Amino acid sequence: MADLVDLRSDTVTRPTAGMREAMATAEVGDDVYGEDPTVNALEAEVAALFGHEAALFCPSGSMANQIALQLLVPPGAELLCDADAHVVTYEMGAAAAYGGVTSRTWSAAGGQLDPDVVAGMIRPDGYWAVPTRAIAVEQTHNRGGGGVIPFDTLRELRRVADAAQVALHCDGARIWHAHVADGVPLADYGALFDTLSVCLSKGLGAPVGSLVVGAADRITRARVIRKRMGGGLRQAGILAAAGRYALAHHVDRLAADHAKAARLAEAIARFGVLAGTVRTNLVPLDLTKAPLDAPALAAAARAEGVLISVLGPRTARLVTHLDVDGAAVDHAAVTLSGILRR
C-alpha cells in the first residue's frame, strides 16, 4: 500500500532534503581518535544547551542510557525508577547484564511522580541492604502516553536526591517535547540532573543518534564505556551532521506534532479508549472496554492504510511526527473512528 500513514513511532521518520544535504557535505574525521569535527561540534552544542560541561555521541538511546547508569551506579548497587521506565522495560536487561546494576521500581503513573514515595524507597549504606545510588526518571514518558513530569516535581525530586546523596538521571529521549510543551528551558532541566540521555532520532527526525550529557570527568569515563560496549564510531560526522541540522530546524516544529496528536485524540475520545490527557506527540489507547483488542485494532487499521503500535493485549499507541502531515492525520482519524464505531 503506497500511502501508509505510519503512527507506530516517531523513530520511523526519514531525513529531510535539507538534512540529507547537511549529511552529504559534513566534514568528518575519525571519532575514536576524537578527530571528527562535526561530532565534536554536536557534542559541544548539546552540552551547552543543557548547561553541562560535556556530551558524548552514541549510536542509540539505549546505549546512552546504559552508559549513564554505569557512570552513576557501581556494580551491585541499586537504581530506582518507575515500573514502566524505558531503562527497565525496553533495554533488554542491560543495566543488570552489562552494569551489574540492580533495579527497584515504584508503581508506574506516567507523567505523575510523587517525590515522597521515592524518598521512602531510598536505601542507605549499611545493614547489608543493597544501597541506592541513583534515581532515574523519563521525560517525556513513553509508556505514560507522552506525559510531562512538572518541573516543580522534578525540582523536589532533586532535593530528595541531594538529601540522600544519590544521583539523578534523566532519560530525556523526548525531552525536546517537554521543553516545547511546558516552555521549560533545556538548561533548567540540565541543572537538575547529574546525567541526561537525549535522542536525535525520534521527534527531531535524525536517522540515528543519542547523547549522554554530564560533567567532563564523567564523559571521559563514558568514552571508555562506549568503546567497551562496541559503540566507538569512525567517520560519524555524517550522522552528527543530521543531529546538528535537527537541532537547528526541528525543535520548534514539535509544537505542530503536538497539535496533530491533539486532533487525533479529539477524534477518538468519544469512543472511550483515550488513556489520559494528550500533552505531546503520543496518543495512548486503553482498549480494556473496547470490542477490539490492540492486535485486532492494529490489523484493521493496517488494512485501511494506518499503522499503529501495539504495546500490550489491550494497549495501543499513536505517535505523530514530521512525516505525518495534516491530511494523513485526518485520514487516520477517520479510519480509526470508523473502526471503533463498528
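Cut-offs used in this document
- Residue numbering note: each chain is counted from 1, following its sequence as written.
- Thresholds applied to this predicted model are a pLDDT of at least 70 for local features of residues and 80 or more for the giving and counting of side-chain atom pairs; totals over whole chains, interfaces and linings are not thresholded and use all residues.
- Water and hydrogen atoms play no part in the side-chain values, which are based on all heavy atoms of the structure.
- Labels follow the DSSP assignment, with helices taken as runs of H or I lasting at least four residues and strands as runs of E lasting at least two, numbered in each case from the N terminus.
- For a compact globule the rule gives 2.2 Å times the number of residues to the power 0.38, and the radius of gyration it is set against comes from C-alpha atoms.
- Relative accessible area decides the class of each residue, using a 1.4 Å probe on protein chains only: under 20% of the type maximum gives buried, over 50% gives exposed, and in between gives partly exposed.
- Contacts are residue-level and defined by heavy atoms, with any inter-residue pair within 4.5 Å sufficient.
- Computed with the Shrake-Rupley method and a 1.4 Å probe, the accessible areas treat only the protein chains shown as cover for residues.
- His is not counted, nor are the chain ends; Lys and Arg add positive charge and Asp and Glu add negative charge.
- Where a charge lies is defined by one atom per residue type: Lys uses NZ, Arg uses CZ, Asp uses CG and Glu uses CD.
- Axis definition: a line fitted to C-alpha atoms, over the contacting stretch in the case of helices. Angles run 0 to 180 degrees between N-to-C directions.
- Here is the rule for angles: anything less than 35 degrees is roughly parallel, anything more than 145 is roughly antiparallel, 65 through 115 is roughly perpendicular, and the remaining ranges are oblique.
- By definition, turning the near helix anticlockwise from the far helix through less than a right angle yields a left-handed crossing, and turning it clockwise yields a right-handed one.
- Residues are sorted three ways: Asp, Glu, Lys and Arg are charged, Ala, Val, Leu, Ile, Met, Phe, Trp, Tyr, Cys and Pro are nonpolar, and all the rest, Gly among them, are polar.
- Only buried residues count toward a nonpolar core. Its members are Ala, Val, Leu, Ile, Met, Phe, Trp, Tyr and Cys residues joined through side-chain atoms within 4.5 Å.

S.K.: Pulling in residues and values, what's your account of the overall build of the protein chain?
M.R.: Of regular secondary structure, the protein chain possesses 14 helices and 12 strands. The C-alpha radius of gyration computed for the protein chain amounts to 20 Å, which stays within 12% of the reference 20 Å derived for 342 residues, consistent with globular compactness. Seen along its three principal axes, the alpha-carbon backbone of the protein chain occupies a region of about 60 × 55 × 35 Å. A total of 342 residues make up the protein chain; the buried ones form 54% of that total. Nonlocal contacts in the protein chain, meaning residues at least 24 apart in sequence, comprise 74% of its contacts between residues at least 6 apart. As displayed, the protein chain has an accessible area near 14100 Å², and 53% of this comes from carbon and sulfur atoms. Charge separation in the protein chain, taken as the distance between the mean sites of 31 positive and 37 negative side-chain charges, equals 5 Å.

S.K.: Residues and numbers for the packing of helix H3 (residues 61-72) against helix H10 (residues 216-228), please.
M.R.: The contact between H3 and H10 brings their axes to 10 Å, and the two run at 120 degrees. Comparing their axes, H10 and H3 come out oblique. In the crossing of H3 with H10, the sense of the turn from one axis to the other is right-handed. Across the interface between the two elements, Met 63, Ile 67, Gln 70, Leu 71 and Leu 72 from H3 touch Arg 218, Arg 221, Ala 222, Ile 225 and Arg 226 from H10. Residues belonging to the contact of H3 with H10 are distributed by class as follows: six nonpolar, one polar and three charged.

S.K.: Explain the environment of Asp 116 to me, using residue names and the numbers behind them.
M.R.: Summarising the element assignment, Asp 116 is placed in helix H6 (residues 115-121). For Asp 116, a relative accessible area of 60% puts it in the exposed group.

S.K.: Describe in detail the environment of Leu 196, supporting the description with residues and values.
M.R.: As for its position among the elements, Leu 196 is in strand E7 (residues 195-199). With relative accessibility at 0%, the residue Leu 196 sits in the buried group. Along the primary structure Leu 196 and Ala 275 are separated by 79 residues, whereas in three dimensions their C-alpha atoms are 28 Å apart. Each residue touching Leu 196, except ones within four places of it in the same chain, is listed here: Phe 50, His 52, His 169, Cys 170, Ile 175, Gly 190, Leu 211, Val 212 and Val 213.

S.K.: Quick one: what's the story with the nonpolar core, residue by residue and with numbers?
M.R.: The biggest cluster of nonpolar side chains holds 50 residues, and the ones touching the most others in it are Phe 50, Ile 135, Trp 176, Val 198 and Leu 200. Among the elements that line this core, the one with the most residues is helix H7 (residues 151-164), at five residues. Sequence-distant contacts of Leu 200, that is, excluding residues within four places in its chain, are made with Leu 42, Phe 57, Trp 176, Gly 205, Ala 206, Gly 209, Ser 210, Leu 211, Gly 243 and Leu 247. Membership of the second largest hydrophobic core comes to 30 residues, among which are Ile 268, Val 273, Leu 287 and Ala 333.

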